[in-house]
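The lines below spell out each chain.
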Amino acid sequence: FSSAQQGSDEPACDVAQTNEHVERHVNPAWVHEFVASFEELRVSLEACASAGAVSSQITVPAPPASVNDHQGWRRFAAKNEPTTQILAAVREHEAPILLSWLTEELTAADDAIDERRAAWVYGVMARLGWPLDADAASSLRVVLRHAARARREHAHDAEVHARAHVLMAAAGVYFKQAGVDEDEFRLL
C-alpha cells in the first residue's frame with residue numbers, strides 16, 4: 001500500500017530496502033521443508049517408475065516416443081501438465097536432455113516464469129539422477145540465473161517469487177548448484 005492508501009503521510013516502507021530483503025532472504029524453515037518434500041517426490045516418482053505404476057483408470061496422454069523429439073516434447077509440454085504418470089515415464093538418463101530443452105524454453109520465453117514452464121522444469125528436475133552429469137548441472141545453473149533474474153525484475157509479483165524460490169531451492173539447494181547454504185539464498 002502507498003502511504004496515501006494507508007491514510008498516513010509516512011512512507012509505507014523503503015521499497016529498495018524491502019526488495020533487497022525479499023530478494024536475498026528466504027525462510028530457512030521453508031527451505032529445509034522444501035528439500036525434504038522434494039526428496040520425497042523424487043523417491044515417489046522413482047517408485048512409480050520402478051513399479052510401472054500407471055493407473056488403468058487414468059488416461060495419460062502419451063509423450064513422444066523419443067526424448068530426442070524436441071518439437072514433439074515442446075508441443076506435448078505446452079498442452080499437458082507434468083503428471084506423476086508422465087514424469088514417472090521419464091527415464092533417469094532422459095531427464096537431463098529434457099531439462100536442457102525445457103530450460104531453453106524457459107529462458108527463450110523471457111517471461112516471469114509462467115506456471116506451466118515452472119511445473120515442467122520442477123517435475124523433470126525431480127527425475128534427475130545422482131551424480132549429475134555436466135549438462136544437467138549446467139541446465140540447473142541456467143535455471144538459477146533465470147529464476148533470480150525473474151525474481152529481481154518482478155519484485156512485486158508474489159507468484160513469480162514463489163515459482164522462482166521453488167526453482168532456486170531445487171536447483172541451488174537440493175542439487176547444490178549455487179554458492180549458498182541451505183538456510184538462505186544469496187544468488188547473483
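Source: prediction; values computed, not measured.

Novice: What is the right way to look at the packing of aromatic side chains in this model?
Specialist: The geometry of two aromatic rings is summed up by the distance between their centres and the angle between their planes. Within the structure shown, the criterion is met by twelve aromatic pairs. Geometrically, the ring pair formed by Trp-30 and Phe-34 is stacked, given 5.4 Å between the ring centres and 25 degrees between the ring planes. One end of the pair is Trp-30 and the other is Phe-34, both in helix H3 (residues 28-51) and four residues apart, which spans about a single turn. Trp-30 sits in the partly exposed class, given a relative accessible area of 29%. Grouping aromatic residues by their ring pairs yields a cluster made of Trp-30, Phe-34, Phe-38, Tyr-122, Trp-130, Tyr-174 and Phe-175.

Novice: How do you make sense of the side chain of Asn-80 when you look at a structure like this?
Specialist: Residue position: Asn-80 is located in the loop between helix H4 (70-79) and helix H5 (84-89). Asn-80 sits in the buried class, given a relative accessible area of 15%. Asn-80 has contacts with Pro-61, Arg-116 and Trp-120, leaving out every residue within four places of it along the chain.

Novice: How should I be thinking about the pattern of salt bridges in this particular structure?
Specialist: Charged atoms that come close allow side chains of opposite charge to pair. The final tally for this structure, using the stated rule, is eight salt bridges. The shortest N-O distance in the salt bridge between Arg-42 and Glu-39 comes to 3.9 Å. Taken together, the residues Arg-42 and Glu-39, both in helix H3 and three residues apart, mark about one turn of the helix. For Glu-159, the salt bridge goes to Arg-163, with nearest N and O atoms at 4.0 Å. With Glu-159 and Arg-163 both in helix H9 (residues 158-174), this residue pair falls four residues apart, about one helical turn.

Novice: What is the right way to read the nonpolar core from this model?
Specialist: Burial of nonpolar side chains together is a common tendency in soluble globular proteins. Ranked by size, the top nonpolar core spans 47 residues in total, and within it Trp-120 and Met-125 carry the most contacts. Each residue touching Met-125, except ones within four places of it in the same chain, is listed here: Phe-38, Arg-42, Leu-99, Leu-140, Leu-167, Ala-170, Ala-171 and Phe-175.

Novice: Quick question: what am I supposed to make of unusual backbone geometry here?
Specialist: Leaving glycine aside, a negative phi is the common case for residues, and trans is the common case for peptide bonds. That bond from Trp-130 to Pro-131 is cis: its omega, -10 degrees, falls within 30 degrees of zero. With respect to the helices, strands and loops of the structure, Pro-131 is situated in the loop between helix H7 (115-125) and helix H8 (134-153).

Novice: Would you mind showing me how to read the layout of surface pockets here?
Specialist: Over the atoms, a rolled probe matching the size of one water molecule traces out where space is still vacant. In this model, the largest pocket occupies a volume close to 260 Å³. The wall of the largest pocket is formed by 14 residues, among which Arg-74, Ala-77, Ala-78, Leu-102 and Glu-105 lie closest to the centre. Those elements that place two or more of their residues in the lining of the largest pocket are H4, helix H6 (95-109) and H7. In terms of residue count, the dominant contributor to the lining of the largest pocket is H4 (five residues). In terms of residue class, the lining of the largest pocket is made up of eight nonpolar, one polar and five charged.

Novice: Is there a simple way to think about the environment of Lys-79 in this case?
Specialist: Within the fold, Lys-79 resides in helix H4. Remark: the alpha-carbon pair of Lys-79 and Arg-116, spanning 37 residues in sequence, is separated by 9.4 Å.

Novice: It is not clear to me how the environment of Phe-76 should be interpreted in this structure. Could you clarify?
Specialist: Topologically, Phe-76 is positioned in helix H4. Between the C-alpha atoms of Phe-76 and Pro-63, which are 13 residues apart in sequence, the distance is 6.4 Å. The residues contacting Phe-76, other than those within four sequence positions of it, are Pro-61, Ala-62, Pro-63, Pro-64, Ile-86 and Trp-120.

Rules and cut-offs
- Residues numbered from 1 in each chain as written.
- Predicted model: local features only at pLDDT ≥ 70, side-chain atom pairs only at ≥ 80, totals over all residues.
- Heavy atoms only, no water.
- Phe/Tyr/Trp six-rings, centres within 6.5 Å; stacked < 30°, edge-to-face > 60°.
- Helix = DSSP H or I, 4+ residues; strand = E, 2+ residues; numbered from the N terminus.
- Buried < 20%, exposed > 50% of the residue type's maximum accessible area, 1.4 Å probe, protein only.
- Contact = heavy atoms within 4.5 Å.
- Salt bridge = Lys/Arg side-chain N within 4 Å of Asp/Glu carboxyl O.
- Core = buried A, V, L, I, M, F, W, Y, C linked by side-chain atoms within 4.5 Å.
- 1 Å grid on protein atoms, 1.4 Å probe; cavity = no way out; pocket = protein on both sides within 12 Å on 5 of 7 lines; lining within 4 Å.
- Points joined across faces, edges and corners; volume = space filled by probe spheres on them.
- Nonpolar A, V, L, I, M, F, W, Y, C, P; charged D, E, K, R; others polar.

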